[in-house]
Amino acid sequence: MLLVENIFPVEFLKKHDLGVELYITTQTDLTKLEAVRDFARTLHLQYGGINLAATDEAVRRQSINDIKYGVEAGVNFNIKTMILHPCGVFSSNGEDVGTYGPMIDSLREIADFMAAKGVTLSLENQVLRHPDLRIIAGCTSDEWFQLYKDVDRKNVNLTLDTSHAASASAHEDNLEKRHEKLWEFMAHPELIGHFHWSDARLETDDCQYADIHLVPGQGDLPRDFHKAILEHSAPKLFEQNCTEEELEAGLAFAHSL
């Protein structure tokens, strides 16, 4: 299943047999999503203003409640797979604001809430930012897989964001090592239930602490890496804010693999 963000007209979706991944926050006007109800397949839950790891309990509880709001809204659209940035911010601008334990507690509570509604929670790996700016959960492959293990819920799987993975791989000192780091995110394909599929650049330093989300085929990620994603059974979101022509080029690239 190939998906796009909710930025394309219905005629385009029908022409290319595409589904849509919705994004719902507490500020979303849900009536504006009705036009793509029949195309809605997955949901990206809120991440702005969220910290499930917060040491401030009021912030943590509000974050949980905001996520639960999105879950309930998604259920109304008959969506069964919902994607969440772990939303565990440990440090912001050099200030300690969160810890790992409360984040795991938060994610377990959310997973249990979703399980009761027959919904799968899919945890997305994060873009690696400069540590002076922000330290967050799940940026490296090891952290991401450990997060899955520690949450320990049957209705939880993983979403691989390839642009985020590139941000963690771009700090190796040569291209071969960068590719090795990238492939580490595919070390456990059986745990991956969803993809945010973008291209990136590892032959340069463009992705160091950056999230560039190129249309597949516009970057230099290995062709066999793209092919492994295409051949995986999980749904794949083309996660780019792009024109119809650019997206069609990405679809052509995918079909060429």
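Structure: above.
To keep things clear, this report deals only with the structure shown in the data block.

1. Notes on helix H4 (residues 141-151)
For step 1, the next point in the chain: Within H4 the residues assigned to the buried category are Ser141, Trp144, Phe145, Leu147 and Val151. The buried residues of H4 occupy one face: seen down the axis, they fall within an arc of 150°. Of the residues in H4, the exposed ones pointing more than 90 degrees away from the buried face are Asp142 and Lys149.
For step 2, the next point in the chain: Those residues of H4 that are buried are in contact with helix H3 (100-115), strand E7 (120-124), strand E9 (156-161), helix H6 (175-184) and strand E10 (192-197).
For step 3, the next point in the chain: A positive backbone phi angle near 55° is found at Asp152, which sits one or two residues after H4.

2. A look at the side chain of His232
For step 1, the next point in the chain: Assignment of secondary structure puts His232 in the loop between helix H7 (223-231) and strand E11 (236-238).
For step 2, the next point in the chain: His232 gets classed as buried once you look at its relative accessible area, which sits at 14%.
For step 3, the next point in the chain: Setting aside anything within four residues of it in sequence, one finds His232 in contact with Pro189, Ile192 and Phe195.

3. A look at the sheet that holds E7
For step 1, the next point in the chain: Here we have eight strands rolled up into a closed barrel, ordered E1-E2-E3-E4-E7-E9-E10-E11, and parallel in their pairing. On average, each strand axis in the sheet is inclined to that of its neighbour by 30°, with strand direction left out of account.
For step 2, the next point in the chain: Alignment of E7 against E9, held across four bridges, turns out to be parallel. For Leu123, the partnering residue across the bridge sits in E9 and is Leu158.

Conventions used here
- Residues numbered from 1 in each chain as written.
- Predicted model: local features only at pLDDT ≥ 70, side-chain atom pairs only at ≥ 80, totals over all residues.
- Heavy atoms only, no water.
- Buried < 20%, exposed > 50% of the residue type's maximum accessible area, 1.4 Å probe, protein only.
- Helix = DSSP H or I, 4+ residues; strand = E, 2+ residues; numbered from the N terminus.
- Arc of directions from axis to C-beta.
- Contact = heavy atoms within 4.5 Å.
- Pairing = 2+ DSSP bridges.
- Axes fitted to C-alpha atoms, helices over the stretch in contact; angles between N-to-C directions.

Function-wise, these values are silent; they only describe arrangement.
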